[in-house]
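# Structural characterization, general
Given next are the chains, with one letter for each unit.
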Amino acid sequence: MRADIPCACARAPGTRLGRVTTTIRTVTSAVSDIGADAVVIAISEGQDGPVLAAGAQRVDEALGGSLLQTLTALGATGKPEEVTKLVSGGRLAAPLVAAVGIGRAGHAQADLELLRRAAGAAVRSLASASVRKIAIALPAADAGAAEAVALGALLGSYSFGRYRAATLPDPELMLVASGPHVGGAVTSAEALAAAVALVRDLVNTSPSHLYPETFAAEAGKVAAETGLGIEVLDDAALLAGGYGGISGVGQGSVHPPRLVRLSYQHQAAAKTVVLVGKGITFDSGGLSLKTPKGMQSMKSDMGGAAAVLGALQAIAALRPEVNVIGYLPLAENLPGSTAQRPSDVITMYGGTTVEVLNTDAEGRLVLADVLARSAADSPDLLVDVATLTGSQVVALGYRVAAVMANDDAVRDGVVAAAARAGEAIWPMPLPEELRKGLDSKVADLANVSGERDAGMLTAGLFLKEFVPDGVRWAHLDIAGPSFNDGEPYGYTPKGGTGVAARTLVQIAQDVAEGRL
Ligand code: BES
Ligand code: ZN
Ligand code: ZN
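Here we summarise the structure given alongside this text. All of these numbers come straight from a predicted model, not from anything done at the bench. Numbering of residues starts from 1 in each chain and follows the order in which that chain's sequence is written. All chains are assigned letters beginning with A, and all ligands numbers beginning with 1, in the order in which they are written. Since the coordinates come from a predicted model, pLDDT governs what is reported: local features require at least 70, and pairs of side-chain atoms require 80 or more to be given and counted, while whole-chain, interface and lining totals use all residues. Based on all heavy atoms of the structure, the side-chain values leave hydrogens and waters out of the count.

Geometrically, a metal with four donors at the corners of a regular tetrahedron has ideal angles of 109.5 degrees, and one with six donors at the corners of a regular octahedron has ideal angles of 90 or 180 degrees. The donor set covers N, O and S atoms within 2.8 Å of the metal, switching to 3.2 Å for Na, K and Ca, and it leaves out water, so a site may look short of donors. Ligation of the zinc ion (ligand 3) by protein atoms is provided by K278 (NZ), D283 (OD), D301 (OD) and E362 (OE), these donors lying 2.0 to 2.4 Å from the ion. Four donors are marked tetrahedral only if all angles between them lie between 85 and 135 degrees, whereas four are marked square planar and six octahedral if opposite donors are more than 155 degrees apart and the other angles lie between 65 and 115; the remainder are marked irregular. Metal-centred angles of 77 to 173° between the six donor atoms at the zinc ion (ligand 3) mark the site as octahedral. One chain supplies every donor to the zinc ion (ligand 3), and in sequence these donors are spaced K-x4-D-x17-D-x60-E. For the pair the zinc ion (ligand 3) and the zinc ion (ligand 2), the metal-to-metal distance amounts to 3.2 Å, and D283 bridges them. You can see D283 sitting in strand β11 (residues 279–283) and its partner E362 sitting in the loop between β14 (353–356) and α10 (363–373), a full 79 residues away along the chain. Residue exposure (1.4 Å probe, protein chains only): buried if accessible area is under 20% of the type maximum, exposed if over 50%, otherwise partly exposed. Residue E362 is classed as buried on the basis of its relative accessible area of 0%. Strands here mean DSSP runs of E at least two residues long; helices mean DSSP runs of H or I at least four residues long; both are numbered from the N terminus.

Pasting the structure below:
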């Protein structure tokens, strides 16, 4: 193992990642009595203007029945994520009321996502205006709604302060809800929010602080805190073990690669899910160097590995009846003098040889080793998640991820799991006729296709070659959605979004409950 390289950064990294709110208190007192700085209520879009949603009536009563009139005068319509603030004038203990839009009522799953986004947008808006104690009185009559509101609020309160001298204090969140369903809903929301916050923190951390060794150390902390099993292979063990993909991609950097294997076990489990996340802590492209603009957000190229770590953390807390193994192949893709060259031939785990024609198609190389390695775990379901291709972004943009699979039922099951979790993942094909583009003149396979088009699909076809025989497999390409370069929206901040962690947790739950 190599000695740690001292970091020349101005501010030393803390021992923990960012401090973020991941707890929400439940309050059952009358909404007019709650000692908060603001109360959040919801309005929907009615035929003739906004309509008060459940949870808002008590506030309206305290304000003398004038709430809708005031909101209409202020221009509120109830459209999704619209936030309208008004003062309570001493008629509530809280000085401020924020009404957030939830749009038109549709079908149940879409409504839950509207609730998450509304809670997130309201908390984001208030927190950025330095409002600290926020009571949320959104519809929460059943477990699904209560969890959605709590989760949206928690996700919306996220901020990444690691590199700033002055940060706003964390908001203090209160969920105004009562009933036997609330406790479980809050526990689940807190576990999911902590997982997403961890993913966002990891993605937002600069690559000078987060490289394979320090990422593995963060995984070690999570394992120690949650009781997950953990094994870490260092660069020497990877070479000795025949992991030619991870070793080849990592060999150009002074920060050597790692492979982390996390395991969660349930006594009553009948099935095993294996999750694999691409963990390129920085993707310069290697000798097939990216453009300056093209590598600006490439600290996020470990978003898949972060999602797997976050999911395992939440799974350890929620304890579904299934065994889950999480692999994080971690490497930094740099063009050093020891870097792999275009035309190098490498031998992957399991013996397949690959001609590396483009060192920027590195994600598939680190994933392929692990897909092959997973045979030893006898997975009932194998899922990889990766910021894999620019073509994914071209095809689906920044808010929708893609899923490909070797089994249509698995692909549809992942789409359904994502929808339940509140994430947009769209089905994509793996057309057989594109496979021949990956033929190499010298090796078993080339890492890029001779065909220019459908890059997302040829990447999927490359991975498919390494899936053990008979194993049901799905591949999630999250290249676009993992990093938000634009303005915040709903519960999604700028920077790392935390995408895929919630879907992976849902997949584990769906396998546990026989749905997938
Ligand atoms: N990490 C990139 C993919 C990516 C692009 C993620 C944009 C997020 C945003 C990946 O390693 C890559 O560079 N892929 C190449 C593959 C090509 C050389 C076949 C791509 O998609 O351009
Ligand atoms: Zn690349
Ligand atoms: Zn990459």
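Turning our attention to the pattern of salt bridges. The term salt bridge refers to a pairing of a side-chain nitrogen on Lys or Arg with a carboxyl oxygen on Asp or Glu at a separation within 4 Å. Applying the stated criterion across every chain yields a total of 26 salt bridges. The partner of E172 in a salt bridge is R25, with the nearest N and O atoms 3.7 Å apart. Placement of the pair is E172 in strand β7 (residues 172–176) and R25 in strand β1 (residues 25–27), with a sequence separation of 147 residues. For E172, a relative accessible area of 31% gives the class partly exposed. With its nearest N and O atoms 2.7 Å apart, the salt bridge here joins E113 to R116. With a gap of three residues between them, E113 and R116 both fall in helix α3 (residues 108–128), about one helical turn apart. Residue E113 is classed as buried on the basis of its relative accessible area, which comes to 11%. Residues participating in the shared-partner salt-bridge network are E231, R261, R373 and D377.

As a further point, take the layout of surface pockets. Empty space among the atoms becomes apparent when a probe as large as a water molecule is rolled across them. Cavities and pockets were defined on a 1 Å grid built from protein atoms only: a cavity is a group of points that admits a 1.4 Å probe but offers it no way out, a pocket is an open group of points flanked by protein on both sides within 12 Å along at least five of seven lines, and a lining residue is one with an atom within 4 Å of any such point. Grid points are joined across faces, edges and corners, and a volume is the space filled by probe spheres set on the points. By volume, the largest pocket amounts to about 960 Å³. Surrounding the largest pocket, 36 residues form its lining, K290, M298, T389, G390 and S391 being those nearest its centre. At the level of secondary structure, the elements contributing two or more residues to the lining of the largest pocket comprise α10, α11 (390–396) and α13 (455–464). Element by element, the count of residues in the lining of the largest pocket is highest for α11, at four residues. Side-chain classes follow a simple rule in which Ala, Val, Leu, Ile, Met, Phe, Trp, Tyr, Cys and Pro form the nonpolar group, Asp, Glu, Lys and Arg form the charged group, and the remainder, Gly included, forms the polar group. Here the lining of the largest pocket is composed, by residue class, of nine nonpolar, 15 polar and twelve charged. A volume near 720 Å³ is recorded for the second largest pocket. Forming the boundary of the second largest pocket are 24 residues, of which Y158, S159, F160, R164 and P493 lie nearest the centre. Per element, the largest residue contribution to the lining of the second largest pocket is four residues, and it comes from α3.

Here the focus is unusual backbone geometry. Backbone geometry at S130 places phi at a positive 65°, although glycine is not the residue there. Residue placement: S130 occurs in the loop between α3 and β6 (133–136). A positive phi angle, close to 100°, is found at S343, a residue other than glycine. Positionally, S343 belongs in the loop between β12 (323–333) and β13 (344–347). Residue S343 is classed as partly exposed on the basis of its relative accessible area of 46%.

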